[in-house]
2 protein chains.
Amino acid sequence: MSIASPTLSASAPEAAARTAAAPTQCSNCHLRELCLPCGMDGNAVERLDSLKFSRRRVKAGTSLYREGDRFQFIYAVRSGTFKTSLELADGREQVGGFHLGGELMGLDGVAQGRHASSACALEDAEICAIPYALLAEMSAGAPGMQHMLSRLMSREIVREHSLMLLLGSMNAEERLAAFLLNLSQRLKARGYSPSEFHLRMSRAEIGSYLGMTLETVSRTFSSFQQQGLLEVDKRHIRIADMQRLADALAMPVH
Amino acid sequence: MSIASPTLSASAPEAAARTAAAPTQCSNCHLRELCLPCGMDGNAVERLDSLKFSRRRVKAGTSLYREGDRFQFIYAVRSGTFKTSLELADGREQVGGFHLGGELMGLDGVAQGRHASSACALEDAEICAIPYALLAEMSAGAPGMQHMLSRLMSREIVREHSLMLLLGSMNAEERLAAFLLNLSQRLKARGYSPSEFHLRMSRAEIGSYLGMTLETVSRTFSSFQQQGLLEVDKRHIRIADMQRLADALAMPVH
DNA sequence: CGGGATATTGAGGGATGTCAAGGTAGGTGG
DNA sequence: CCACCTACCTTGACATCCCTCAATATCCCG
């Protein structure tokens with residue numbers, strides 16, 4: 001609960017400088033197929049370009065926003081990995097998700113006008129800050145754009161459904177298998193290897209996300225390795241048998 | 001699993017008849033402070049009225065929609081109680097939420113154009129079917145309306161956050177206490193007693209929602225009764241000590 | 001080189017799941 | 001109206017998964 005790490009300010013000089021140097025445009029972003037513009041027509045993407053989203057670097061371990069902060073922006077990850085989390089009454093944290101390039105954060109702030117969770121960079125990262133008010137204003141005249149926004153929010157609801165399912169009715173092995181397979185697919189969609197990757201999050205963060213202790217996460221990794229499903233070296237993971245890992249999900253041991 | 005219970009059709013003759021007899025208007029609905037119109041100005045509510053939502057009765061145990069059905073409507077509960085759920089690979093169900101009067105269901109369908117969960121009435125109920133396409137079309141010209149829709153979806157995301165927290169880091173007593181306190185507040189907001197009510201859902205459904213077995217739910221009810229927090233008679237609940245029940249949440253036993 | 005964060009592994013215990021038996025309420029048909 | 005049936009709830013005994021506590025190893029960084 002490091003109170004030290006400050007929320008970055010939108011008006012930081014370096015952010016302004018960067019924006020001037022390299023205006024951020026969705027139309028030629030390498031993540032356009034995954035991110036906000038996904039499914040939009042050229043016309044709509046041009047409108048997005050006109051907003052000239054500001055870009056910001058976020059250092060590893062730094063918060064992008066915190067629970068209770070005033071909601072102004074939604075954020076798209078350009079590079080790096082984030083976690084979003086809630087703080088419990090007793091100070092522990094509950095991780096709500098991990099976010100890779102092209103994924104959006106902050107949509108939970110629309111409801112109350114304040115962020116309902118915190119977002120923290122797990123490695124040095126870069127984001128686009130999208131002013132929600134402008135986005136809403138613009139989509140008033142553009143039905144397709146508004147629908148896109150609704151779809152994105154709905155997608156977040158569906159994502160949380162599956163997490164709920166995971167937390168509500170799976171054992172430790174199923175949970176970790178589900179986590180790894182989901183991560184593998186998302187990495188693949190971003191052009192990385194689906195079978196070999198480096199985890200950006202600690203065992204404790206994985207455990208919090210999956211509703212188990214860091215020791216159980218560690219033991220389950222070891223167990224998967226002994227079963228020949230994975231090769232694990234700290235945070236470096238190789239999925240040795242994707243099929244059997246998927247089976248661990250579909251066929252509960254019960 | 002009962003393939004028998006049919007999804008109701010929007011074109012059921014009785015539904016059409018009812019609509020003609022009593023056109024549904026948000027502006028004089030007794031739930032307007034809790035439901036869709038909440039926070040809208042008079043102008044916007046009039047626009048809602050012009051849509052003339054169709055009303056539908058749903059018998060206890062009947063599905064309103066099912067996972068995979070084409071998404072056309074979002075539904076507002078007028079009376080009765082619903083559960084929403086997902087089906088697991090092995091046939092078990094995972095309950096995702098319970099819905100009282102004034103609450104909306106089906107927003108998870110926007111993402112894919114298909115419903116991502118099923119909704120089933122726990123008692124005889126009545127709903128408003130809100131054609132999503134019309135709603136989206138109308139809100140294109142009305143910024144306030146569109147913002148309302150976004151807020152509602154965001155609220156759903158926040159709701160699932162708290163469920164995630166509950167499933168990820170609470171023990172059986174904390175979970176049941178959280179469930180009862182939440183239900184109590186929602187009943188109070190609807191003009192019912194917050195301290196004495198009838199549960200519309202079975203122990204198994206509560207257990208699925210909270211990520212525990214029906215036996216543990218039953219035992220935890222008994223334990224609360226022995227501690228003097230509740231009086232329990234099957235589905236009839238009286239909260240005898242609201243404060244200590246709330247304490248069970250804030251001060252984990254750990 | 002030292003210190004802190006992170007990961008692994010073991011031992012033991014406790015919370016919760018599983019299996020089983022019995023009770024109660026409500027609906028249905030004779 | 002009663003008998004029966006089914007669904008639901010409660011409770012007990014036991015098993016087991018996972019948490020807790022603890023020791024050690026490893027890595028990274030100053």
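Treat the numbers as computed from the prediction; the structure is a model and nothing was measured.

**Student:** I keep staring at the interface of chain B and chain A and nothing clicks. Help me out?
**Tutor:** Much of the literature gives interface size as the accessible area that the parts lose upon coming together. If you look at the interface, chain B gives 44 residues, while chain A gives 44 residues. A buried area of about 3,600 Å², summed over both sides, lies between chain B and chain A, and 66% of it is on carbon and sulfur atoms. One can count twelve residue pairs in polar contact (both at pLDDT 80 or more) joining chain B with chain A. For the side of chain B that touches chain A, the secondary structure elements donating two or more residues are β5 (93-99), α3 (132-141) and α4 (143-169) of chain B.

**Student:** Whenever I open this one, the relation of the copies chain B and chain A confuses me. Can you help?
**Tutor:** Between the two copies of the chain lies a relationship made up of a rotation around an axis and a movement along it. Note on the identical chains: chain B maps onto chain A by a rotation of 180 degrees and an axial translation of 0.0 Å, with an RMSD of 0.0 Å. Here the two chains are linked by the operation of a two-fold rotation axis. Of the residues that chain B buries at the interface, 100% are likewise interface residues in chain A, meaning the two copies contact each other through the same surface.

**Student:** Would you mind going over the protein's contact with DNA strand D with me for this structure?
**Tutor:** Around DNA strand D, a shell composed of 17 residues is seen, among which A:Ala172, A:Thr216, B:Arg203, B:Ser218 and B:Ser222 lie nearest. Each atom of DNA strand D within 4 Å of the protein belongs either to a base or to sugar and phosphate, the latter forming 62%. One of the side-chain N or O atoms of A:Thr213 is found 3.0 Å from a phosphate oxygen in DNA strand D. Between B:Ser222 and DNA strand D, the recorded distance is 2.6 Å, taken from a side-chain N or O atom to a phosphate oxygen. Of all elements in the fold, only α7 (214-226) of chain A together with α7 (214-226) of chain B reach the threshold of two or more residues within the surface near DNA strand D. Class assignment of the residues belonging to the surface near DNA strand D gives a composition of three nonpolar, seven polar and seven charged.

**Student:** Sorry if this is basic, but what is going on with the side chain of B:Ser85 here?
**Tutor:** Residue and element names in this part refer to chain B. Its location among the elements puts serine 85 in strand β4 (residues 82-87). Polar side-chain contacts of serine 85 include one of 3.2 Å to the side chain of glutamate 93. Other than its neighbours up to four places away in sequence, serine 85 contacts Glu67, Glu93, Gln94, Val95, Gly96, Ser117 and Ser118.

**Student:** Explanation requested: the domain arrangement of chain A in the structure shown.
**Tutor:** Residue and element names in this part refer to chain A. According to the domain assignment, chain A contains domain 1 (12-142) and domain 2 (170-247). Listed by partner, the interface residues are 15 residues for domain 1 and twelve residues for domain 2. The contact between domain 1 and domain 2 buries some 1,200 Å² in all, and 58% of this surface belongs to carbon and sulfur atoms. When the buried surface of domain 1 facing domain 2 is broken down by residue, Leu34, Phe98 and Leu100 rank first, second and third, together holding 45% of it.

**Student:** Any chance you could explain the nonpolar core here in plain terms?
**Tutor:** Nonpolar side chains tend toward joint burial in soluble globular proteins. Counting residues in each nonpolar core, the largest one holds 74 residues, and the members touching the most others are A:Phe179, A:Phe221, A:Leu230, B:Phe179 and B:Phe221. Filtering out sequence-adjacent residues up to four positions away, A:Leu230 remains in contact with A:Leu180, A:Phe221, A:Phe224, A:Gln225, A:Ile237, A:Arg238, A:Ile239, A:Ala240 and A:Leu245. The next biggest cluster of nonpolar side chains, apart from the first, holds 56 residues, and it includes B:Leu48, B:Leu104, B:Leu149 and B:Met153.

**Student:** Where do I start with the side chain of A:Glu103 in this structure?
**Tutor:** Residues and elements named next belong to chain A. By secondary structure assignment, the location of glutamate 103 is in the loop between β5 (93-99) and β6 (104-105). Assessed through its relative accessible area of 16%, glutamate 103 is described here as buried. There is a polar contact of 3.4 Å between the side chain of glutamate 103 and the side chain of arginine 190. The residues touching glutamate 103, leaving out its near neighbours within four places in the chain, are Tyr75, Ala76, Val77, Phe98, Arg186 and Arg190.

**Student:** Please explain the pattern of salt bridges as it appears in this structure.
**Tutor:** Pairing between side chains becomes possible if they bear opposite charge and their charged atoms approach one another. Residues and elements named next belong to chain B. Enumeration according to the criterion identifies 22 salt bridges over all chains in this entry. Linking glutamate 126 and arginine 78 is a salt bridge whose minimum nitrogen-to-oxygen distance equals 3.9 Å. Placement of the pair is glutamate 126 in strand β8 (residues 125-131) and arginine 78 in strand β3 (residues 73-79), with a sequence separation of 48 residues. Here glutamate 126 matches arginine 78 in class, with each residue buried. The partner of glutamate 93 in a salt bridge is lysine 83, and the shortest N-O contact between them spans 2.9 Å.

**Student:** Help me understand the UniProt feature "domain: HTH crp-type" (unreviewed entry) in chain A, please; the structure alone is not making it clear to me.
**Tutor:** The sites that UniProt annotates as "domain: HTH crp-type" (unreviewed entry) are residues 170-243 of chain A. When the span residues 170-243 of chain A is considered, its composition is 55% helix and 15% strand, and the gap between its end C-alpha atoms is 19 Å.

**Student:** How should I be thinking about the protein's contact with DNA strand C in this particular structure?
**Tutor:** By nearness alone, 17 residues border DNA strand C, and A:Arg203, A:Ser218, A:Arg219, A:Ser222 and B:Thr216 come closest of all. Among all atoms of DNA strand C positioned within 4 Å of the protein, those belonging to sugar or phosphate total 62%. Between DNA strand C and A:Ser218 there is a distance of 2.8 Å, counted from a phosphate oxygen to a side-chain nitrogen or oxygen. In the environment of DNA strand C, a phosphate oxygen lies 2.5 Å from a nitrogen or oxygen atom belonging to the side chain of B:Thr216. When residues of the surface near DNA strand C are traced back to their parent elements, those giving at least two are α7 of chain A together with α7 of chain B. Ranked by residues supplied to the surface near DNA strand C, first place goes to α7(A) with five residues.

What counts and what doesn't
Residues numbered from 1 in each chain as written. Chains lettered and ligands numbered in written order. Predicted model: local features only at pLDDT ≥ 70, side-chain atom pairs only at ≥ 80, totals over all residues. Heavy atoms only, no water. Contact = heavy atoms within 4.5 Å. Buried area = accessible area lost by both parts, 1.4 Å probe. Polar contact = N/O pair within 3.5 Å; in protein donor to acceptor, adjacent residues only side chain to side chain. Helix = DSSP H or I, 4+ residues; strand = E, 2+ residues; numbered from the N terminus. Least-squares fit on C-alpha atoms with pLDDT ≥ 70 in both. Near = heavy atom within 4 Å. Nonpolar A, V, L, I, M, F, W, Y, C, P; charged D, E, K, R; others polar. Domains from an automatic or database assignment. Core = buried A, V, L, I, M, F, W, Y, C linked by side-chain atoms within 4.5 Å. Buried < 20%, exposed > 50% of the residue type's maximum accessible area, 1.4 Å probe, protein only. Salt bridge = Lys/Arg side-chain N within 4 Å of Asp/Glu carboxyl O. UniProt positions renumbered as here; feature names shortened; annotations may be inferred.

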